[in-house]
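# Observations on the model geometry
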Amino acid sequence: MTFRIMTIELEREIIKAYKTGKPASEILHTLPFKTTKTIYDVLRRNNIDIRDQTDYKYERDSTYFSKINTSNKAYILGLMITDGWLIKDRDAVGFSSTDRVLTEFLCTELKIDFSHIVKTNQHKDNHQTGYQIQVYDKMIKSDLIRLGFTCPKSFHEFLPYIDSQLSPDLIRGIIDGDGCIHKLSNVEQADIIIYSGSVLFLKQIGSCIDYHLSIPTPNILRSSSIFKIYYSRKDYVEDIGRWIWNGNFCLDRKKSIWEKYCGKSNSN
């Protein structure tokens, strides 16, 4: 067990590292604490001037969300809707996932050094490693606000208006973020489930799928403290899978379940 107790020695290490120009997120990698708030608390207690975090000089594509015009951008937007957020009172956004491959792909797309920005932490409930990234960039945040992001985002998720040809990529990103491809009991079949705290968001997803595939929106059901829609009719699941898994980047473990139980009859 790791004890998170602040000592004078640790405070000195934090102050020394910060004065060399290292950002709090990088200092945190070497310490047994979970958030950068601990770092800033130490700095404030010791009257250390805190730098403007938007001045951190790491590479990133500030214009990435200015125009959603590629499959990858639509997919990343779907991931941000589900697993991303705006950081209040700062020109910054955050993203977290238990899937390293998704976080690495997001970093690659935004031209961010994965090893420099991302920190890992252990989730108490299931002991999974989590990956979290914070990007300090005024333009990225303002573009996401323009696309409909709010702060806080929880229970206010939305489906942004983008080129309809990119809709399957957007939905694929949402499913990879907050969806599930679930093997049904006693039959060689799977269903597609999408979770959200927003009923309106799920209705928008259903309407989007209906518009493109003429598949009616399922009833929205409560699942614990959130809501869900799920598609279980075999031909519907097959059609949705062919539509969203179109050869572009995805989370392979979800696609493989669909291929195993729903995609075989349509492989040719």
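Let me sum up the structure you'll find in this document. (Residues numbered from 1 in each chain as written. Predicted model: local features only at pLDDT ≥ 70, side-chain atom pairs only at ≥ 80, totals over all residues. Heavy atoms only, no water.)

## Topic: the environment of I162
Looking at the secondary structure, you find I162 in the loop between α7 (138–146) and α8 (167–178). The contact partners of I162, leaving out residues within four places of it in the chain, are I68, A74, L77 and L170. (Helix = DSSP H or I, 4+ residues; strand = E, 2+ residues; numbered from the N terminus. Contact = heavy atoms within 4.5 Å.)

## Digging into the sheet that holds strand β7 (residues 221–223)
The sheet built from four strands is open, its strands ordered β5-β6-β8-β7 with antiparallel pairing. The sheet is open, and its two edges are formed by β5 (179–183) and β7, each paired on a single side. Sheet twist, expressed as the mean angle between neighbouring strand axes with direction ignored, is 35°. Contacts from helix α9 (residues 199–213) reach β6 (190–196) and β8 (226–231), with the element oriented near 15° to β8. (Pairing = 2+ DSSP bridges. Axes fitted to C-alpha atoms, helices over the stretch in contact; angles between N-to-C directions.)

## Topic: the packing of helix α10 (residues 234–244) against helix α11 (residues 252–263)
Viewed as axis vectors pointing N to C, α10 and α11 meet at an angle of 135°, and their least axial separation amounts to 10 Å. As summarised for this structure, α10 and α11 are arranged oblique, according to the angle between their axes. The hand of the α10/α11 crossing is left-handed. Here α10 contributes K234, V237, E238, G241 and R242 to the contact with α11, which in turn contributes W258, Y261 and C262. Partitioning the contact of α10 with α11 into residue classes produces four nonpolar, one polar and three charged. (Parallel < 35°, antiparallel > 145°, perpendicular 65-115°, else oblique. Left-handed = near helix turned anticlockwise from the far one by under 90°. Nonpolar A, V, L, I, M, F, W, Y, C, P; charged D, E, K, R; others polar.)

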